[in-house]
Amino acid sequence: GAGVSQSPRYKVAKRGQDVALRCDPISGHVSLFWYQQALGQGPEFLTYFQNEAQLDKSGLPSDRFFAERPEGSVSTLKIQRTQQEDSAVYLCASSTRQGPYAGELFFGEGSRLTVL
Amino acid sequence: QQQVKQSPQSLIVQKGGISIINCAYENTAFDYFPWYQQFPGKGPALLIAIRPDVSEKKEGRFTISFNKSAKQFSLHIMDSQPGDSATYFCAAKKRWGNTPLVFGKGTRLSVIA
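Everything numeric in this text was worked out from a predicted model, so none of it was measured. (Residues numbered from 1 in each chain as written. Chains lettered and ligands numbered in written order. Predicted model: local features only at pLDDT ≥ 70, side-chain atom pairs only at ≥ 80, totals over all residues. Heavy atoms only, no water.)

S.K.: Is there a simple way to think about the overall build of chain B in this case?
M.R.: Scanning chain B from N- to C-terminus turns up zero helices and eleven strands. Mapped in sequence order, the helices and strands of chain B form the string β-β-β-β-β-β-β-β-β-β-β. Relative to its length of 113 residues, chain B is compact, with a C-alpha radius of gyration of 13 Å against a globular reference of 13 Å. Per-residue burial for chain B yields a buried fraction of 46% across its 113 residues. Looking at chain B alone, contacts between residues at least 24 apart form 53% of all its contacts between residues at least 6 apart. (Helix = DSSP H or I, 4+ residues; strand = E, 2+ residues; numbered from the N terminus. Rg over C-alpha atoms; globule rule 2.2 N^0.38 Å. Buried < 20%, exposed > 50% of the residue type's maximum accessible area, 1.4 Å probe, protein only. Contact = heavy atoms within 4.5 Å.)

What follows is the structure, given as structure tokens:
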């Protein structure tokens, strides 16, 4: 597609449930990032993939968070045993490594997770 | 430790006025400074970016001013319009490589007629 696609757009989970959030990046973009955006805050880095390799997962807040990108395209962010503090918008972004501005990220519209 | 500090948290500007948003950073390894614009229910989108070898960059009504010695940069929106009403985030990263982009907390801009 033309842009980064995320699904579901909205997810309500009961505390303790597992959730899976999907990201379909722009075709050909080798770099993929996950960010967490709490209400009224800026995006906070979670993890980064270059193709299928997860090169940085320093931002994942706990071992309940897991991300994968097995074929170097679609990525899934999984949160196990969800807690209320996990409620946020989860943003996926992709970028191309061509050119000097590797920092130009193209964001999806996000998946809003609400944990009750 | 917040790596990029942004102010103000919110801003109300009259239509036609100038909107100014400020950011400061600590990490001298940062050398790429973008601004992102986010509308409600949407993801952030790149607005304008600057490298530290220039002190100013202008694109249409949007200008970034950069002060390397003070480790500060700002976004100026000239002739602000109601359609500019959005949340603006400054960000910073090392220019090369895929180190994470770090964001400020955002400024909610409202342009009123």
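S.K.: What is the right way to read the side chain of Gln37 of chain B from this model?
M.R.: Residues and elements named next belong to chain B. Secondary-structure assignment places Gln37 in strand β4 (residues 33-38). A distance of 3.0 Å separates a polar atom in the side chain of Gln37 from a polar atom in the side chain of Tyr88. The residues contacting Gln37, other than those within four sequence positions of it, are Gly43, Pro44, Ala45, Leu47, Asp84, Ala86, Thr87 and Tyr88. (Polar contact = N/O pair within 3.5 Å; in protein donor to acceptor, adjacent residues only side chain to side chain.)

S.K.: Sorry if this is basic, but what is going on with the pattern of salt bridges here?
M.R.: Pairs can form between side chains of opposite charge whenever their charged atoms are close. All names here are of chain A. In total, this model carries nine salt bridges over all chains according to the counting rule given. We note a salt bridge from Arg64 to Asp86, for which the minimum N-O separation is 2.8 Å. You can see Arg64 sitting in the loop between β6 (53-56) and β7 (65-68) and its partner Asp86 sitting in the loop between β8 (75-79) and β9 (88-95), a full 22 residues away along the chain. For the residue pair Arg64 and Asp86, the accessibility class agrees, reading buried in each case. For Glu68, the salt bridge goes to Lys78, with nearest N and O atoms at 3.4 Å. Here Glu68 is found in strand β7, whereas its partner Lys78 is found in strand β8, with ten residues between them in sequence. (Salt bridge = Lys/Arg side-chain N within 4 Å of Asp/Glu carboxyl O.)

S.K.: What is the right way to look at the sheet that holds strand β1 (residues 5-7) of chain A in this model?
M.R.: The strands making up a sheet are joined through hydrogen bonds of the backbone, oriented either antiparallel or parallel. All names here are of chain A. Spatially, the four strands line up as an open sheet ordered β1-β3-β8-β7, and their pairing is antiparallel. The open sheet has two edge strands with one neighbour each: β1 and β7. Shown here is a sheet whose adjacent strand axes are inclined to one another by a mean of 15°, direction ignored. As judged from the five bridges shared by strand β3 (residues 19-24) and β8, these two strands associate in the antiparallel manner. Paired with Arg22 across the bridge in β8 is Thr76. (Pairing = 2+ DSSP bridges. Axes fitted to C-alpha atoms, helices over the stretch in contact; angles between N-to-C directions.)

S.K.: Help me understand the state of the cysteines, please; the structure alone is not making it clear to me.
M.R.: Note: disulfide means a covalent bond formed between the sulfur atoms of two cysteine side chains. Residue and element names in this part refer to chain A. Within this structure, the stated rule accounts for two disulfides over all chains. What pairs with Cys23 in a disulfide is Cys92, and their sulfur atoms sit 1.9 Å apart. The S-S bond linking Cys23 to Cys92 shows a torsion near -65°; that makes this disulfide left-handed. A residue pair is termed long-range when its members are at least 10 positions apart, and Cys23 in strand β3 and Cys92 in strand β9 qualify at 69 residues. By relative accessible area, Cys92 is classed as buried at 0%. (Disulfide = S-S within 2.5 Å.)

S.K.: Before we go on, may I ask you to explain the environment of Ala91 of chain B in this structure?
M.R.: Residue and element names in this part refer to chain B. For Ala91, the location among the structural elements is in strand β9 (residues 86-92). Separated by 59 residues in sequence, Ala91 and Tyr32 have C-alpha atoms that sit 8.3 Å apart. Sequence-distant contacts of Ala91, that is, excluding residues within four places in its chain, are made with Tyr32, Phe33, Pro34, Phe73, Leu101, Val102 and Phe103.

S.K.: What should I look at first to understand the sheet that holds strand β1 (residues 4-7) of chain B in this one?
M.R.: All names here are of chain B. Overall, antiparallel pairing links the five strands, which are arranged β1-β3-β8-β7-β6 in an open sheet. At either end of the open sheet lies a strand with only one pairing partner, and these are β1 and β6 (56-59). Strand-to-strand, the axes of this sheet are offset by a mean angle of 15°, without reference to chain direction. Inspection of the sheet shows strand β3 (residues 19-25) paired to strand β8 (residues 72-77) by six bridges, in the antiparallel sense. Paired with Ala24 across the two strands is Gln72, which belongs to β8.

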